[in-house]
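Fold and geometry: a report
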Amino acid sequence: MDLKSFLRENNSLPENRRVYISPCFREGDGAAEWELRAVTEEEYRRAAENAGDKWAALCVLATVKPDLQDKRLWESYGTANAEDTLKEMLYPGEYLWLLEEVKVLNGFAERRAVWKEQAKN
């Protein structure tokens, strides 16, 4: 095994993913795309440290577009933070869809598949 493979300069997160989460948000003639990114464990740990809902914290951290940290968005939805804004923006099914996309991008889905396979054996 070559240690070079594990050095930081050879480590890359998955590319950002563009997804459609809700038909409620329009851009031009179609639904507006959301852009999601993978996060590191350290980023997630810091964000989730004081969060009431750790999954919402992960979704906020992973969402590039729309910018959930933009206070104009908070004002528009009458909320005081990004997590609450996200929950106000989406219907329950849409929120779950976003969460699933974020989980897949951040490796949770693959881990779940491994657990299922281990449970069978």
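The structure we're discussing is the one just above.
Summary of the structure given here.

Reading the values: the criteria
- Residues numbered from 1 in each chain as written.
- Predicted model: local features only at pLDDT ≥ 70, side-chain atom pairs only at ≥ 80, totals over all residues.
- Heavy atoms only, no water.
- Helix = DSSP H or I, 4+ residues; strand = E, 2+ residues; numbered from the N terminus.
- Pairing = 2+ DSSP bridges.
- Axes fitted to C-alpha atoms, helices over the stretch in contact; angles between N-to-C directions.
- Salt bridge = Lys/Arg side-chain N within 4 Å of Asp/Glu carboxyl O.
- Buried < 20%, exposed > 50% of the residue type's maximum accessible area, 1.4 Å probe, protein only.
- Contact = heavy atoms within 4.5 Å.
- Core = buried A, V, L, I, M, F, W, Y, C linked by side-chain atoms within 4.5 Å.

1. What to know about unusual backbone geometry
Here the amide bond leading from Lys65 into Pro66 is cis, since omega sits at 5°, within 30 degrees of zero. Relative to the elements of secondary structure, Pro66 occurs in the loop between strand 5 (63–65) and helix 3 (71–77).

2. Thoughts on the environment of Val104
In this structure, Val104 sits in helix 5 (residues 92–105). Distance from Val104 to Ala38, taken between C-alpha atoms, is 9.2 Å for residues 66 residues apart in sequence.

3. Re the sheet that holds strand 1 (residues 17–19)
Pairing in this open sheet of 3 strands is antiparallel, and the strands run 1-4-5 from one edge to the other. Since the sheet does not close on itself, it has two edges, and those belong to strand 1 and strand 5, each with one partner. Across this sheet, the average inter-strand angle for adjacent strands is 35°, counted without regard to direction. Of the pairings in the sheet, the one linking strand 4 (residues 34–36) to strand 5 comprises 2 bridges and is antiparallel in character.

4. Observations regarding the pattern of salt bridges
A pair can form between side chains of opposite charge whenever their charged atoms are brought close. Counting across every chain of the model gives 10 salt bridges. Taking the shortest distance from any N to any O, the salt bridge between Lys65 and Glu27 comes out at 3.3 Å. Of this pair, Lys65 sits in strand 5 while Glu27 sits in strand 2 (residues 26–27); the two residues are 38 residues apart in sequence, bridging distant segments of the chain. On the basis of relative accessible area, Lys65 is assigned to the partly exposed category, the value being 31%. Here Glu27 falls in the partly exposed class, since its relative accessible area comes to 45%. Taken together, the shared-partner salt bridges connect Glu42, Arg45, Arg46 and Glu49 into one network.

5. Some details on the environment of Pro23
Considering the arrangement of structural elements, one finds Pro23 in the loop between strand 1 and strand 2. Judged by its relative accessible area of 58%, Pro23 falls in the exposed class. Aside from chain neighbours lying at most four places away, what touches Pro23 is Ala31 and Glu94.

6. What to know about the nonpolar core
Core analysis: the largest hydrophobic core is formed by 27 residues, its most contacted members being Trp34, Leu68, Leu86, Met89, Leu90, Leu98 and Val102. Those elements giving two or more residues to this core turn out to be strand 4, helix 1 (41–48), helix 2 (54–62), helix 3, helix 4 (82–89) and helix 5.

Fair warning: the whole summary comes from geometry, so function is off the table for now.
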